[in-house]
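What the coordinates show
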Amino acid sequence: MRAGVVVFPGSNCDRDVAVALSQSTGKKTAMIWHRDTDLPDLDLIVVPGGFSYGDYLRCGAMGAHSPVMQEIKRRAEKGTRVLGICNGFQIITEAGLVPGVLMRNAGLKYVCKDVFLRVEDSQSAFTARYNAGQIVRIPIGHGEGNYFADDETLDRLEGEGLVAFRYATPTGEITLDANPNGSQRNIAGVFNKSRTVLGMMPHPERLSDPKLGGTDGRAMFDALVETLA
Amino acid sequence: MTTAKITAADIKTHGLSNDEYKKILEVLGREPNLVELGIFSVMWSEHCSYKSSKKWLKTLPTTAPWVICGPGENAGVIDIGEGLAAIFKMESHNHPSFIEPYQGAATGVGGILRDVFTMGARPIANMNALRFGSPDHPKTRHLVSGVVAGIAGYGNCVGVPTVGGEVNFHASYNGNILVNAMTVGLAKQDKIFYSAAAGAGNPVVYVGSKTGRDGIHGATMASAEFDANSEEKRPTVQVGDPFTEKLLIEACMELMATDAIQSIQDMGAAGLTSSSFEMASKGGMGVELEMEKVPQREEGMTPYEMMLSESQERMLIILKPGKEDIARAIFEKWELDFAVIGHLTTTGRMILKFHGEVVCDLPIDPLAQASPEYDRPWTPTRRQSILEAKDVKDVAWPEALKTLIGCPDLASRKWVYEQYDHMVMADTCQRPGGDAAVVRIHGSNRGLAISTDVTPRYVLADPLEGGKQAVAETWRNITAVGGRPLAITDNLNFGNPQKPEIMGQIVEAIKGIGEACKGLDYPVISGNVSLYNETDGNPIMPTPAIGGVGLIDNLDTMMTVPFKAEKEIILLAGQAGGGWLGQSLYLREICGQEKGAPPPVDLLHERRVGDFVRSMIHGKKLTACHDLSDGGLMVALAEMALSGDVGCELKNVAGHARLFGEDQGRYVLTVKTSDLAGVKAAATAANVALEEIGATGGTAIALNGASVALADLRKLHEGWFPGYMARPA
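This one's a predicted model, so the numbers in the text were calculated from it and none came from an experiment.

1. Focus on the overall build of chain B
In terms of helices and strands, chain B carries 25 helices and 28 strands. Taking 729 residues into account, the globule formula puts the C-alpha radius of gyration at 27 Å, and chain B, at 26 Å, falls close to it. Here the C-alpha coordinates of chain B stretch approximately 85 × 50 × 45 Å along the principal axes. Split into buried and exposed, the 729 residues of chain B put 66% on the buried side. For chain B, the accessible surface area stands at approximately 23,300 Å², while carbon and sulfur atoms represent 52% of it.

Quick look at the structure:
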C-alpha cells in the first residue's frame, strides 16, 4: 500500500500517523505539502489531526479550501481511500467528502482521554480487521468533535450502515455518559456512501504501539494494508 | 540624536532607583534619551538581571560529566547518550497570568517552548507547576479555569504534549498565582545552537511574527509588587498565537538542519532589547540596527516601542555570510516574516537608527553584563519546634483518609489534564497522574522521566529543608518510574527581596537546593527567578519549584503506580517507624493547623533507598511503585489502589503518625510472592529498611477491622475538582 499524509501549516499529528502507517506498511509514508496539487500515486491519503492554518476560523474551514484538498476530492471520487482523523475529519466534512459537521464539544472544553468505541461496520478497508459490535479503546483529543447532522441524514447513514464507530461504555452500551462531546447518536466516525472515505474524531495512531498503552488502533492500519496491498 | 530631557517621573515609571539612574549616568557619561532609558530599565529589571539573586545562584552546583551546558544560555543541556541531548528549562509567567489568566498562561508556554527550540531542540514535552489561592477566594475558580485553558489552548495547538505537572491551592496565593511552565526538548549533540554572536558584518535577521505594541514593559511589571490597581496593567500582557509558534518551530528546525545559522535567540522578556544585547554581549560584538526594517503590526511605531515590545513568536538570528537566500526561502515557505534588520560590528556598541537618524548609542557590556548586583540583607527563618505525634489529634483512619483523598491538594487532577493534549507526538509512555511523566525518545526504546515538585509549606517553615525536599522529591518521582535522575531546572518564586525575611527564604532555599543537588549528583542546569510575588505587602509562600529530568535506559522496565493484581505483597521501603506530622497535610486538613518543623531530608538515606528501588525496578522484581509524599502512607496506598482498581488488606501499621506522617525518602512497592525473599535479601544487603505491610486484593482498603470501599474513595477523589469548577461563583 502506498500511503500519503497531508501536511498543512498547523498539522501536528502528521508525523504520528506517518509512523503508525509505516509500522504497518513497512514503507516510508509520503508527506504531502498543502500547496501540492501534483500528488504521487497513492492508495490511501490521510488528512491528519492538528490545527490546520491555526483553525482560528471554523475548524477545518480553511483546510477544506486548500489547493491539496481539491486534488484529494478528485482522487476520492476515483476511489482512492481517504482517512480524516480529528482535524482531518473536520476538514473532510467541510470539503463535503462525508456528511455532517463537527461542532464545539457539549462540555465546551478540549478533551484528551481514551474512549471506548463500538465498531458499527466492518465492511470497509478501514475496519475489516474489526468485527461489527467489537469494543475498541482509542484516544480522543479535541475541542470540536460534537458530530451533528439533521435527522434525515442520520437516519440515512444508519440505514445504509455508514456509521463506522460510536462512543460506547467498555461493555458496549451506547449511553450519554459514554459520549465525550455531545455527538448526535454517539457517532464517532462516518463513511461516505461507498465506504472509501472515513472521517473519525478518535486517533487510531495514538494507540498503535504497546509502549503507548494499547494497540487497538493498529488494526485499522493493518486492515488497510491487507485490503489495499 | 534627539534628546528630550529625562525627568524624575520618567525614572520612576521605568522602575529604576535613583542609585541605578546615577549608575546609568556614569556608564554613559551623559544623560540617556528615552529610548536608552527604556532599554536600561528592562535590562536592569529584576526579571532580566537577577540582581537580587545572582550572588546566591552562583553557589548552586551546575556541573557533572553529563552536563553539556549549564545556566546562562536559553536553556540547559544534558547528554543522554547515543549522540543526543535533552534541553530543558522552567520559567514563570506569574504576574501576567494573574492579570489575564488565559493569555498569561498561554504566552508562558510559548516563551518556554522558544527557549528550548532556539537551542536546536524539538520540544517533546511540556510540564507545569501551578499555584492558586484558596478555593474559597472569589477569584480562584476564574483563574484556574483561565490558566488551564490558556496552557491547553497554546500547547494543544503547537502539538507538544503537556504530560504532567502540579496544581495546588493556598490562601497565600490569593493575590499572586504562580504559573511555572517547563519544556523538555530533544536535540542532536552536534546540532546545538547558542546565542553568542560572532562575525563582523554578519546579518542580523528578524523572523516570526510582526512587532506590535503589546507587552511593552512586561519585564518591568514582572519585577514589581501588585496593588489594588494591578488590573490596569492588563495592556502589558502579551497575546499568544500558537499557530505562528508551530510554524516558527518547523521553520527553525528546517533552517537548523542547514548550515546557515551562526547564533540564534528568541525574543522573550524585553523582546528585541534583551535578545540583541545578550547575543552581542556574549560574543563581544557590536550591533547596528535599522529600526524601520523591523516588521511592524501597527502604524507609526517608535523605536522605543519596538525595542520594548514583548510581542510573541519572534526570534533573532545571526546568519553566516551569504546564507540569507536559503533562510529567506524557508521562512517564506512557512509564511513567516523574515527581515534583515541590521548587522554585527566590532564597536561593542548598540547603535539604533531610525530612517537614518541615530536614536540610541549604548555600550553593550555595561548594560548586559555589568547590571547591578545586590547583596541584600537577609535574616534566617526562625525554625519551629518538632511537633510530637502525641500532641496531634488522632482521627480514625477511614475518616482521615476520606478527607485527605478528596481535599483540594490531593483530589484527582483529571479535570485539569484532560484539557491538555498529553498524547500528541505519540511518544507518551506514562501519562499524567503517575509519579513522573515518561516520554519516549522518538524512534528508540529509551525514555525521559520528568517531574515538577515543591512543597511550599515545608519551605515556609524551614527554607533549607524545604529546598532540599523539593529537589529530593523530583529525584524520588523519577526513581519511582525507573529513571536515573540527571539534572534539574529551578523556578524560584518568592516575595519582595528587599524585605530581609523574604531574602532569608531565598538564601536558605537556594542553600537547601544546592545541598540536595550535591548529595544526589543532580545539578541545576537552568532556571528562572520570580520575585515580588506580593500583593499589598502579603507575600506568597516561598515556592522554589523544581523540574527534574531523568533517563530510562530501557522502557521495558518502566514502572507505574497502579496495583496490578490481587495477592501481591505490599512493602514499605525506607525509614522504618517514623511518623512525622509537623507541616503534614493531615495536620492542615484534619486539624486545621500549619505548624511544626517539616520532615527533614537525609540525603544519604534518600540515595540509598532510591538506588535500591531503582535496581529492583531494573531487575523486574517489582509490579508497582509509588513514592510517599503529601498525605503519607495511606494516601499513597489509596492512589495505587484507585488507579489499579484493586484494593488491599494492610497489617503491621497503625496510628495517625504512622499512617499519615510525611517522613521522607520512602516508597511503597508491590512484589509477587515468588519475588519476596529476593527483594528482602537485596534490601538487607543495601541496608534499606523494608517492611511487609499487607497484600493487594478486594475492592476496599482494609486495616485493623475497618475498611473503606474504593468506590467511595473514588467518588471523593475524582469528585472534588469537577464539582468545584462547576459550582456557581
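2. Notes on the overall build of chain A
Assigned secondary structure in chain A consists of six helices and eleven strands. Relative to the globule expectation of 17 Å for 229 residues, the C-alpha radius of gyration of chain A, 16 Å, shows essentially globular dimensions. Taken along its principal axes, the extent of the C-alpha atoms in chain A is 45 × 35 × 35 Å. Taken across its 229 residues, chain A has 62% of its residues classed as buried. Long-range contacts, defined as pairs at least 24 residues apart, comprise 74% of the intrachain contacts of chain A with a sequence gap of at least 6. For chain A, the accessible surface area stands at approximately 8,500 Å², while carbon and sulfur atoms represent 49% of it.

3. Here's the deal with the pattern of salt bridges
For the structure shown, the criterion picks out 68 salt bridges over all chains. Across the pair Asp222 of chain A and Arg218 of chain A runs a salt bridge whose closest N-O atoms are separated by 3.3 Å. Of this pair, Asp222 of chain A and Arg218 of chain A both sit in helix 6 (residues 218–228), four residues apart, which is roughly one turn of the helix. Here Asp222 of chain A falls in the buried class, since its relative accessible area comes to 16%. Residue Arg714 of chain B pairs with Asp645 of chain B through a salt bridge whose shortest N-O separation is 3.0 Å. Here Asp645 of chain B lies in the loop between helix 22 (632–644) and strand 24 (648–650) and Arg714 of chain B lies in helix 25 (residues 710–726), a separation of 69 residues in the sequence. The structure contains a network of salt bridges with shared partners spanning Arg118, Glu120, Asp151, Asp155, Glu158, Arg166 and Arg185 of chain A.

4. Here we look at the sheet that holds strand 5 (residues 162–169) of chain B
Residue and element names in this part refer to chain B. One open sheet holds the six strands; their spatial order is 1-2-3-6-4-5, and the pairing between them is mixed. Only two strands of the sheet have a single partner each, and these edge strands are strand 1 (67–69) and strand 5. With direction set aside, neighbouring strand axes in the sheet form an average angle of 20 degrees. With nine bridges connecting them, strand 4 (residues 122–132) and strand 6 (residues 178–188) associate as antiparallel partners. Looking at the pairing, Arg122 lines up with Leu186 of strand 6. Here helix 8 (residues 140–158) sits on the sheet in contact with strand 4, strand 5 and strand 6, set at roughly 175 degrees to strand 4.

5. Here's the deal with helix 5 (residues 151–159) of chain A
All names here are of chain A. Within the sequence span of helix 5, burial applies to Thr153, Leu154 and Leu157. Taken down its axis, helix 5 places every buried residue within 100 degrees of arc, on the same side. In helix 5, the exposed positions that point more than 90 degrees away from the buried face belong to Glu152 and Gly159. On the buried face of helix 5, the contacting elements are strand 8 (146–148), strand 9 (163–168) and strand 10 (187–191). Gly161 sits one or two residues past helix 5 and shows a positive phi near 70 degrees.

6. Topic: the nonpolar core
Core analysis: the biggest nonpolar cluster contains 94 residues, and Leu44, Leu83 and Phe165 of chain A together with Phe331 of chain B have the highest contact counts within it. Ranked by the residues each element gives to this core, the list is headed by helix 10 (residues 242–256) of chain B, at nine residues. Ignoring any residue separated from it by four or fewer positions in sequence, one finds Leu44 of chain A in contact with Met1, Arg2, Ala3, Gly4, Leu21, Thr80, Arg81, Val82, Leu83, Phe126, Leu224 and Leu228 of chain A. In this structure, Val184, Ala470, Ile510 and Ile569 of chain B belong to the second largest nonpolar core, which totals 89 residues.

7. As for the interface of chain A and chain B
Across the boundary between the two partners, chain A contributes 28 residues, which contact 32 residues of chain B. Counting every contact that joins chain A to chain B gives six salt bridges. Where Asp427 of chain B meets Arg15 of chain A, a salt bridge forms, and the shortest distance between an N and an O atom there is 3.3 Å. Taken together, the connections running from chain A to chain B amount to 15 residue pairs in polar contact (both at pLDDT 80 or more). When contributions to the side of chain A that touches chain B are tallied by element, the ones reaching two or more residues are helix 1 (14–25) and strand 6 (111–119) of chain A. Of the residues contributing to the side of chain A that touches chain B, the split by class is 13 nonpolar, five polar and ten charged.

8. Re the packing of helix 15 (residues 397–405) of chain B against helix 22 of chain B
All names here are of chain B. With their axes 10 Å apart at the nearest point, helix 15 and helix 22 run at an angle of 70 degrees to one another. By the angle class used here, helix 15 and helix 22 are roughly perpendicular. Between helix 15 and helix 22 lies a crossing whose hand is right-handed. Contact with helix 15, carried on its side by Trp397, Leu401, Leu404 and Ile405, involves Met634, Val635, Ala638, Glu639 and Leu642 of helix 22 and no other residues of that element. Its residues assigned to classes, the contact of helix 15 with helix 22 comprises eight nonpolar, no polar and one charged.

9. Section: unusual backbone geometry
Residues and elements named next belong to chain B. The phi dihedral of Asp521 falls on the positive side, at around 55 degrees, and the residue is not glycine. Looking at the secondary structure, you find Asp521 in the loop between helix 19 (500–520) and strand 18 (524–530). Classification of Asp521 by relative accessible area gives partly exposed; the value is 42%. In the Ramachandran plot, Lys620 falls in the positive-phi region, its phi being about 60 degrees despite a non-glycine side chain. Along the polypeptide, Lys620 turns up in the loop between helix 21 (603–618) and strand 23 (624–627).

10. Thoughts on the confidence of the model for chain B
This prediction gives chain B a mean pLDDT of 94; 96% of its residues lie at or above 70. For this predicted complex, the interface confidence reaches an ipTM of 0.97, while the overall pTM sits at 0.96.

11. Notes on a nonpolar patch on the surface
Residue and element names in this part refer to chain A. On the surface, Val101, Met103 and Phe148 cluster together to form a nonpolar patch covering roughly 230 Å² of accessible area. On the secondary structure map, Met103 appears in strand 5 (residues 101–103). For Met103, a relative accessible area of 36% puts it in the partly exposed group.

12. Details of the packing of aromatic side chains
All names here are of chain B. Tallying each qualifying case throughout the model produces 17 aromatic pairs over all chains. Taking the centre distance of 5.8 Å and the plane angle of 85 degrees together, the rings of Trp56 and Trp378 count as edge-to-face. Pair noted here: Trp56 is in helix 5 (residues 54–57) and Trp378 is in the loop between helix 14 (364–368) and helix 15, with a separation of 322 residues, a long-range link. Residue classification places Trp56 among the buried positions, given a relative accessible area of 16%. We classify Trp378 as partly exposed; its relative accessible area is 33%. Here the aromatic cluster, defined as three or more aromatic residues joined through ring pairs, consists of Phe132, Phe169, Trp415, Trp720, Phe721 and Tyr724. The aromatic ring of Tyr724 is capped on one face by Arg141, whose charged end is 4.5 Å from the ring centroid. Positioned above the aromatic ring of Trp475 is the side chain of Arg614, whose terminal nitrogen or guanidinium carbon lies 5.2 Å from the ring centre.

13. Description of the sheet that holds strand 11 (residues 197–200) of chain A
Residue and element names in this part refer to chain A. Pairing in this open sheet of nine strands is mixed, and the strands run 2-1-3-4-11-10-9-6-7 from one edge to the other. Each edge of the open sheet is held by one strand with a lone partner, namely strand 2 (30–33) and strand 7 (135–142). In this sheet, neighbouring strand axes are inclined to one another by 25 degrees on average, regardless of whether the strands run parallel or antiparallel. Bridging between strand 1 (residues 3–7) and strand 3 (residues 44–47) involves three bridges; their strand directions are parallel.

14. Thoughts on helix 6 of chain A
Residue and element names in this part refer to chain A. Among the eleven residues of helix 6, eight are classified as buried, and the element is accordingly described as predominantly covered. Among the residues of helix 6, Ala219, Met220, Phe221, Asp222, Ala223, Leu224, Val225 and Leu228 are the ones counted as buried. For helix 6, the elements touching its buried residues are helix 1, strand 3, strand 4 (81–85), strand 9 and strand 11.

15. Some points on the environment of Asp521 of chain B
Along the sequence, Asp521 of chain B and Val671 of chain B sit 150 residues apart, while their C-alpha atoms lie 29 Å from each other. Those residues in contact with Asp521 of chain B, other than ones at most four positions away along the chain, are Trp66, Leu486 and Arg607 of chain B.

16. Let's talk about the side chain of His14 of chain B
With respect to the helices and strands, His14 of chain B occurs in the loop between helix 1 (8–13) and helix 2 (18–28). Within the structure, His14 of chain B has its side chain in polar contact with the backbone oxygen of Asp10 of chain B (distance 2.7 Å).

17. Notes on the pairing of strand 12 (residues 349–354) of chain B
Residues and elements named next belong to chain B. When strand 9 (residues 286–290) meets strand 12, the two strands line up parallel, connected through four bridges. Within the sheet, the bridge partner assigned to Glu288 lies in strand 12 and is Ile351. Pairing of strand 12 with strand 13 (residues 357–363), which is carried by six bridges, proceeds in the antiparallel orientation. Paired with Lys353 across the strands is Val358, a residue of strand 13. Connecting strand 12 to the antiparallel partner strand 13 that follows it, the hairpin turn spans two residues, and His355 within it adopts a positive phi of roughly 50 degrees.

The rules we used
- Residues numbered from 1 in each chain as written.
- Chains lettered and ligands numbered in written order.
- Predicted model: local features only at pLDDT ≥ 70, side-chain atom pairs only at ≥ 80, totals over all residues.
- Heavy atoms only, no water.
- Helix = DSSP H or I, 4+ residues; strand = E, 2+ residues; numbered from the N terminus.
- Rg over C-alpha atoms; globule rule 2.2 N^0.38 Å.
- Buried < 20%, exposed > 50% of the residue type's maximum accessible area, 1.4 Å probe, protein only.
- Areas by Shrake-Rupley, 256 points an atom, 1.4 Å probe, with all protein chains shown as cover.
- Contact = heavy atoms within 4.5 Å.
- Salt bridge = Lys/Arg side-chain N within 4 Å of Asp/Glu carboxyl O.
- Pairing = 2+ DSSP bridges.
- Axes fitted to C-alpha atoms, helices over the stretch in contact; angles between N-to-C directions.
- Arc of directions from axis to C-beta.
- Core = buried A, V, L, I, M, F, W, Y, C linked by side-chain atoms within 4.5 Å.
- Polar contact = N/O pair within 3.5 Å; in protein donor to acceptor, adjacent residues only side chain to side chain.
- Nonpolar A, V, L, I, M, F, W, Y, C, P; charged D, E, K, R; others polar.
- Parallel < 35°, antiparallel > 145°, perpendicular 65-115°, else oblique.
- Left-handed = near helix turned anticlockwise from the far one by under 90°.
- pLDDT = per-residue confidence, 0-100.
- Patch = residues over 30% accessible without salt bridge, like charges linked within 9 Å, V, L, I, M, F, W, Y side chains within 5 Å.
- Phe/Tyr/Trp six-rings, centres within 6.5 Å; stacked < 30°, edge-to-face > 60°.
- Lys NZ or Arg CZ within 6 Å of the ring centre and 35° of its normal.

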